Amino acid sequence: MIPGVILCLAILTLILAWHRRRLVVRHSVRDIRGPPSPSLLLGHEKVVRHAEQIGDLEFQWVREYGPTWRTKQCYGADALWTADPRTLHYIFHASSYKFSRTVISDEVARLLTGQGILTTSPHDHQRHKKIMTPAFSVAHLRTFLPVFLRSASRLSQKWKDLLQADPSSNLFDVNKMLARMTLDIIGEVAFDHQFGALDNKEHELVKAFDNVFSDSLLHPPSWDVLFKAAWKYFPSSWLHLLRYLPTKEYKRFSHYLETARRTGKALISDKASGTEKDGKDILSVLVQSNLTEDARYRLSEQEMLSQIATLLVAGHDSTASSLTWTLYELSRHPEDQQRVRDEIREAKAKARAEARGDDDLIPSDYDAMAFTNAIIKESLRLHPVSPTLYRVADYDDVLPLSIPIETNHGKCIKEIPIAKGQTILVSICTYNRLKSVWGEDADTWNPTRFLDNSKERLTLGVFANLSAGVRACIAWRFALLEMQAVLTELVEHLVFEFPEGVDIIRLNAGNMVPMVRGKMEEGVQMPLRISVIN
């Protein structure tokens, strides 16, 4: 029934889209080169979402058309893709709030997290950010380091115990265990709550979040691609009804949000009934920051619950994914893994030599570990958390280019006039492989590129999808310190090897997820062989 309804909506939307394009003819991007559209209704939308691996099509297109090109969206609309460094800098840094997230990006985030910082208007975003920022100050982050280390040590010990019980069973899905560990971490540092995920306690949040992105966003059917593309033509009041749709794609998101809100209410209730004041966890700081704010600008109860849902998603899934890809690369490059291990030992020896009383590392020690940080950066470069960022121009504008492109009429241009409402797809995964930025070996693993400070680059760096612009992730330093601490703890005590006969593919489920080729029905996974260092 739903696909039939969507078909009717698609026809109506096609008419509306055609009429809108007749009214808006100025600053058209139609002269920008790009691949021919494979479908009148779907444009390139479905082929991009169903690509065998993330980036396969974008890497091909950038070789043919340059780092800025045009594709077709659903209903014949034009989308402008770019990986140009100057354009990215302009969109994320120089233009403040002139480029909003697209309706699809906002509504998918709203389905998952509610009315949180991810989905707010520019005015409300500043209000949310002001209240949440104190919880992620540099000084406050230092108090979280013992939790990071303790949780990583527990995971390391869990793998050691399993290996001791059965040395022949040394193949583990590291993504699953890292996700459980990071959920325990966010539970403790954000809410002073023990989820017990590493202890195999089947918390309802673990069940609600398991494979939620791959079940909801991976390889969407044609009707859902068309349906989402029509959202920008719907009255905003209609979009609040999306969570009631009875299909798997929407029920999974709705179930997670309901579970997160229910958990959030229980956590806030525990805080209200507790006797301890001035708690150091993120929720306590957030509550206190909200109370000290002018009453006109405080977060509502629903906004507070949405922040909790956001913290639960962003605070454990993104970090677990980045750590998974980093261990994947280290397992394929054992010489680099050993070099990280040697650097850890040198850092601890230096800590002992400085007579600090122990060899525990502090944040400045992690920042000084040049090669380990180069490993993290190179992993984020090749496996960005968000491979594509979606934006829409809120005003008529002109996009600057650092790399000129040729138009369909043979003209070489260094800027692109765009109209209000133009959709722009920022390809982070393509930018991260531009040879003009990263060198001729941009497609290959080479962490030493980050040790060479002699090269001048017009670059946003590999944290572009975490820390770019006014809508930067306010917790990116939290995530980086967590990755540094966990990675060093695991690599110091364990050896990770890539198993023979396994082919890992990068798939687009909203973020970059790993699956085993030929075993996609098993969901997101990263099987690696683990052994204990003697």
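The shown structure was predicted, so the numbers you read here are calculated from the model rather than taken from an experiment. (Residues numbered from 1 in each chain as written. Predicted model: local features only at pLDDT ≥ 70, side-chain atom pairs only at ≥ 80, totals over all residues. Heavy atoms only, no water.)

Trainee: Just give me the short version of the overall build of the protein chain, but keep the residues and values in it.
Mentor: The secondary structure content of the protein chain amounts to 24 helices and 12 strands. Here the protein chain holds 534 residues, and the buried ones make up 55% of them. Taking the intrachain contacts of the protein chain between residues at least 6 apart in sequence as the baseline, contacts between residues at least 24 apart amount to 77%. Just so you have it, the protein chain exposes about 23800 Å², and 53% of that area is on carbon and sulfur atoms. (Helix = DSSP H or I, 4+ residues; strand = E, 2+ residues; numbered from the N terminus. Buried < 20%, exposed > 50% of the residue type's maximum accessible area, 1.4 Å probe, protein only. Contact = heavy atoms within 4.5 Å. Areas by Shrake-Rupley, 256 points an atom, 1.4 Å probe, with all protein chains shown as cover.)

Trainee: A description of the sheet that holds strand E12 (residues 527-532) should follow, citing residues and the corresponding values.
Mentor: Here we have three strands laid out as an open sheet, ordered E4-E12-E9, and antiparallel in their pairing. Looking at the sheet topology across the chains shown, the edges are occupied by strand E4 (171-173) and strand E9 (494-497). For this sheet the average axis-to-axis angle between neighbouring strands, irrespective of direction, equals 45°. Pairing of E9 with E12, which is carried by four bridges, proceeds in the antiparallel orientation. Bridge pairing links Phe496 to Ile530 in E12. Each of E9 and E12 touches helix H24 (residues 476-493); the most contacted strand, E9, lies at about 90° to it. (Pairing = 2+ DSSP bridges. Axes fitted to C-alpha atoms, helices over the stretch in contact; angles between N-to-C directions.)

Trainee: Summarise helix H4 (residues 85-94); cite the residues concerned and give the values.
Mentor: Within the span of H4, buried status applies to Pro85, Thr87, Leu88, Tyr90, Ile91 and Phe92. With its phi angle positive at about 55°, Ser96 sits one or two positions after the end of H4.

Trainee: Could you give me a rundown of the packing of aromatic side chains, with the residues and numbers involved?
Mentor: Taken as a whole, this structure holds 21 aromatic pairs when the rule is applied. Ring centres of Phe136 and Phe478 lie 6.2 Å apart, and the angle between their planes is 85°; on these two criteria the pair is classed as edge-to-face. Pair noted here: Phe136 is in the loop between helix H6 (122-132) and helix H7 (138-142) and Phe478 is in helix H24, with a separation of 342 residues, a long-range link. Like Phe136, the residue Phe478 is buried in the burial classification. Where Phe213 meets Phe253, the ring centres are 6.4 Å apart and the plane angle is 75°; that geometry is what we call edge-to-face. Separated by 40 residues along the polypeptide, Phe213 in helix H11 (residues 212-217) and Phe253 in helix H14 (residues 248-273) bring together distant segments of the chain. For Phe213, a relative accessible area of 14% gives the class buried. Among the aromatic residues, ring-to-ring pairing joins Phe227, Trp231, Phe234, Trp238 and Tyr250 into one connected group. (Phe/Tyr/Trp six-rings, centres within 6.5 Å; stacked < 30°, edge-to-face > 60°.)

Trainee: Can you break down empty space enclosed by the protein residue by residue, with the values?
Mentor: Which parts of space are left empty comes out when a probe the size of a water molecule is rolled across the atoms. Scanning all chains against the criterion turns up four cavities of 30 Å³ or more. There is about 90 Å³ of room inside the largest cavity. As for the largest cavity, its lining consists of 14 residues, and the residues nearest its centre are Val48, Ala51, Gln53, Ile54 and Asn508. Of all the secondary structure elements, the ones that give two or more residues to the lining of the largest cavity are helix H2 (45-49) and strand E10 (504-508). Considering every element that reaches the lining of the largest cavity, the biggest residue donor is E10, with three residues. Each pocket or cavity is described by its volume, and for the second largest cavity that value is around 80 Å³. Lining the second largest cavity are His44, Glu45, Val48, Arg49, Thr71, Trp81, Tyr390 and Leu425. (1 Å grid on protein atoms, 1.4 Å probe; cavity = no way out; pocket = protein on both sides within 12 Å on 5 of 7 lines; lining within 4 Å. Points joined across faces, edges and corners; volume = space filled by probe spheres on them.)

Trainee: Pulling in residues and values, what's your account of helix H12 (residues 222-229)?
Mentor: Buried residues dominate H12, accounting for seven of its eight residues. Listed in full, the buried residues belonging to H12 are Trp223, Asp224, Val225, Leu226, Phe227, Lys228 and Ala229.

Trainee: Provide a residue-level description of the sheet that holds strand E8 (residues 423-427), including the pertinent values.
Mentor: The sheet built from five strands is open, its strands ordered E1-E2-E8-E5-E3 with mixed pairing. Looking at which strands have only one partner, the edges of the open sheet turn out to be strand E1 (68-72) and strand E3 (99-101). Each adjacent strand pair in this sheet contributes to an overall mean axis angle of 35°, direction not counted. As paired strands, E3 and strand E5 (residues 388-393) are joined by three bridges and run antiparallel to one another. By the bridge assignment for E5, Arg101 is matched with Arg391. Against the sheet, helix H3 (residues 56-65) makes contact with E1, strand E2 (78-82), E5 and E8, and its axis sits at roughly 120° relative to E1, the strand it touches most.

Trainee: A description of the side chain of Asn175 should follow, citing residues and the corresponding values.
Mentor: Tracing the backbone shows Asn175 in helix H9 (residues 174-191). Those residues within four positions of Asn175 in sequence are excluded, and the remaining contacts are Ala320, Ser321, Thr324, Val524, Gln525 and Met526.

Trainee: Would you mind going over the pattern of salt bridges in detail, with residue names and values included?
Mentor: Opposite charge on two side chains lets them pair, provided their charged atoms get close. Applying the stated rule across the entire model yields 23 salt bridges. Measuring nitrogen to oxygen at the nearest pair gives 2.9 Å for the salt bridge that ties Asp78 to Lys72. A salt bridge links Glu378 to Arg449; its shortest N-O distance comes to 3.1 Å. In this pair, Glu378 sits in helix H20 (residues 370-382) while Arg449 sits in the loop between helix H22 (435-438) and helix H23 (464-467), placing the two residues 71 residues apart along the sequence. Here Glu378 matches Arg449 in class, with each residue buried. One network of salt bridges, with partners in common, ties together Arg30, Arg70, Lys72 and Asp78. (Salt bridge = Lys/Arg side-chain N within 4 Å of Asp/Glu carboxyl O.)

Trainee: How would you sum up the packing of helix H18 (residues 334-353) against H20? Please name residues and give values.
Mentor: Where H18 contacts H20, the axes come no closer than 8 Å and their chain directions differ by 140°. The pairing of H18 with H20 is recorded here as oblique in orientation. The handedness of the crossing between H18 and H20 comes out as left-handed. Across the interface between the two elements, Asp336, Arg339, Val340 and Glu343 from H18 touch Ala370, Phe371, Thr372 and Ile375 from H20. Considering only residue class, the contact of H18 with H20 consists of four nonpolar, one polar and three charged. (Parallel < 35°, antiparallel > 145°, perpendicular 65-115°, else oblique. Left-handed = near helix turned anticlockwise from the far one by under 90°. Nonpolar A, V, L, I, M, F, W, Y, C, P; charged D, E, K, R; others polar.)

Trainee: How would you summarise the pairing of strand E6 (residues 397-406) if you had to cite specific residues and measurements?
Mentor: The sheet contact formed by E6 and strand E7 (residues 412-418) spans six bridges and is antiparallel. Opposite Val398, over in E7, you have Pro417 as the bridge partner. Between E6 and E7, which pair antiparallel and follow one another directly, the connecting turn spans five residues, one of which, Gly410, has a positive phi of 85°.

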